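A structural walkthrough
Here is how the chains run, residue by residue.
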Amino acid sequence: MHVALIDPSRVVLKIVTGMLEAGGHTVVAFSDSAAALAHVEADPSIACVLTSLEVEPLNGLELCWLLRALADERRPLTILVMSSARDERPLGEVLDSGADDFLSKPPSPKELHGRLRAAERVLGLQRALIRQADTDHLTQLLNRGALMRHADRALAGASAGNPLAMLQVDIDHFKSINDRFGHDIGDQVIRRVAQILRETGATAGRLGGEEFAVLMPGHGIAGAAVVAHRIRSQCAAGTVPGLPDLRFTASIGLSEWAPGDSVDSLLKRADVALYAAKRGGRDRVAVTGADREPEMIG
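The structure contained in this document is the topic of the report that follows. (Residues numbered from 1 in each chain as written. Predicted model: local features only at pLDDT ≥ 70, side-chain atom pairs only at ≥ 80, totals over all residues. Heavy atoms only, no water.)

Secondary structure summary: the protein contains 10 helices and 11 strands in total. The C-alpha radius of gyration of the protein comes to 25 Å, more than 25% above the 19 Å expected for a compact globule of 298 residues. Expressed as lengths along the three principal axes of its C-alpha atoms, the size of the protein is roughly 80 × 45 × 30 Å. Counting contacts in the protein only where the partners sit at least 6 residues apart, residues at least 24 apart contribute 65% of the total. With the model as given, the accessible surface of the protein reaches about 14400 Å², and the carbon-plus-sulfur share is 52%. (Helix = DSSP H or I, 4+ residues; strand = E, 2+ residues; numbered from the N terminus. Rg over C-alpha atoms; globule rule 2.2 N^0.38 Å. Contact = heavy atoms within 4.5 Å. Areas by Shrake-Rupley, 256 points an atom, 1.4 Å probe, with all protein chains shown as cover.)

In structure tokens:
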């Protein structure tokens, strides 16, 4: 576990860091509580903060309040407070400030590792709930809400000068597959397409029904088109277990981020390109830009 440790004493920092590292944890230590807060906010890999109450410039209770504000439903964070016997603050006040647990300072190795094991169990449950909330249960890809959050973060990178492309993928004649073979077979086709998208290594999600989207940070039109055609050809060559004669294809729309784009505008252009691919005969890849009409590529 990645732990941020905060204490005004370099001796305590050294002792507790040694205990944590001996337990296999990664530690970043601070004597300044404001600097520690900024670091935890910037580094989501930190899962545990172990702080003394006697810290500055933010005191321990203030720090706990601010840390708890960082730990929302999307970021699990456990906060452990250490205090020496001379600190007379009631345990209830410490816990009400946002701390999850309280231990003496300096803690014994046995007590420290026991509290951290308990914290890891709780964090594991919280992460599992987040994954469940973010996952489309049929495909195990991201669901629409989670994909849009990923897209928001990807757009921040694009605004900083990194390329970003988006694919919108739709299974051709999907209603006919359901009508002819039944919804169970239709679900198998959806899962097969999801597997193909997962194998690209890109961030893929199910928008709903037989529609998917793929985020491709670091890719411009040319690189994303190569991946799009690979997806298209793998769909056309794919089969469903037990039904080797069932063939299906997919149409794909491609758009590239342009200055001023939002997630909605990027997705809308991919959708326009997708429908151009449908109108062009399906089993095709089409692209549209902020300043050009849709066109087939490849």
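Moving on from the coordinates now.
Further remarks concern the layout of surface pockets. Its boundaries defined by the atoms lining it, the largest pocket holds a volume of some 240 Å³. Taken together, 18 residues form the lining of the largest pocket, with Leu77, Thr78, Asp100, Val122 and Gln126 sitting closest to its centre. Broken down by element, the lining of the largest pocket gets its largest block of residues, seven residues, from helix α5 (residues 109-134). The residue makeup of the lining of the largest pocket, split by class, is nine nonpolar, two polar and seven charged. (1 Å grid on protein atoms, 1.4 Å probe; cavity = no way out; pocket = protein on both sides within 12 Å on 5 of 7 lines; lining within 4 Å. Points joined across faces, edges and corners; volume = space filled by probe spheres on them. Nonpolar A, V, L, I, M, F, W, Y, C, P; charged D, E, K, R; others polar.)

This part covers the pattern of salt bridges. In the structure shown here, the tally under the stated rule is 12 salt bridges. Across the pair Asp7 and Lys105 runs a salt bridge whose closest N-O atoms are separated by 3.1 Å. Note that Asp7 is positioned in the loop between β1 (2-6) and α1 (10-22) and Lys105 in the loop between β5 (101-104) and α5, a separation of 98 residues in sequence. Residue Asp7 is classed as buried on the basis of its relative accessible area of 0%. The class for Lys105 is buried, based on a relative accessible area of 17%. Taken together, the shared-partner salt bridges in this structure form one network comprising Asp7, Glu54 and Lys105. (Salt bridge = Lys/Arg side-chain N within 4 Å of Asp/Glu carboxyl O. Buried < 20%, exposed > 50% of the residue type's maximum accessible area, 1.4 Å probe, protein only.)

With respect to topology, five strands assemble into an open sheet ordered β2-β1-β3-β4-β5, the strand pairing being parallel. Sheet topology places β2 (26-30) and β5 at the edges, where each strand pairs with a single neighbour. Recorded for the sheet is a direction-independent mean angle of 20 degrees between the axes of neighbouring strands. Helix α2 (residues 33-42) rests against β1, β2 and β3 (48-52) of the sheet, and its axis sits at about 140 degrees to β2. Against the sheet, helix α3 (residues 60-70) contacts β1, β3 and β4 (78-83), and its axis sits at roughly 175 degrees relative to β4. (Pairing = 2+ DSSP bridges. Axes fitted to C-alpha atoms, helices over the stretch in contact; angles between N-to-C directions.)

Attention now moves to helix α7 (residues 174-181). Of all the positions in α7, only Phe174, Ile177 and Asn178 are classed as buried. One face of α7 carries all of its buried residues, which in axial projection span an arc of 95 degrees. Along α7, the residues that are exposed and aim more than 90 degrees away from the buried face are Lys175, Asp179 and Arg180. Against the buried residues of α7 lie β6 (164-171) and α8 (183-198). Positioned one or two residues after α7, Gly182 has a phi angle of 100 degrees, which is positive. (Arc of directions from axis to C-beta.)

Ranked by size, the top nonpolar core spans 33 residues in total, and within it Leu167, Ile171, Val189, Leu197, Phe212, Ile231 and Leu254 carry the most contacts. Of all the elements in the fold, those that place two or more residues in this core are β6, α7, α8, β8 (211-217), α9 (221-237), β9 (250-256) and β10 (285-289). Counting residues per element, this core draws most heavily on α8, which supplies seven residues. For Ile171, the contacting residues outside a window of four places in its chain are Ile177, Val189, Ile190, Val193, Glu210, Phe212, Thr249, Ala250 and Lys278. Grouped together as the second largest cluster of nonpolar side chains are 23 residues, Ile6, Ile46, Leu77 and Val94 included. (Core = buried A, V, L, I, M, F, W, Y, C linked by side-chain atoms within 4.5 Å.)

With respect to the helices and strands, Met19 occurs in helix α1. On the basis of relative accessibility, which here comes to 13%, the residue Met19 falls in the buried class. Taking the C-alpha atoms as reference, Met19 lies 9.5 Å from Lys110; in sequence the two are 91 residues apart. Apart from residues lying up to four places away in sequence, Met19 is in contact with Pro107, Ser108, Pro109, Leu112 and His113.

With the rule as written, the count across this model stands at zero disulfides. The thiol of Cys64 is not disulfide-bonded; the next cysteine sulfur, from Cys48, is found 11 Å away. (Disulfide = S-S within 2.5 Å.)

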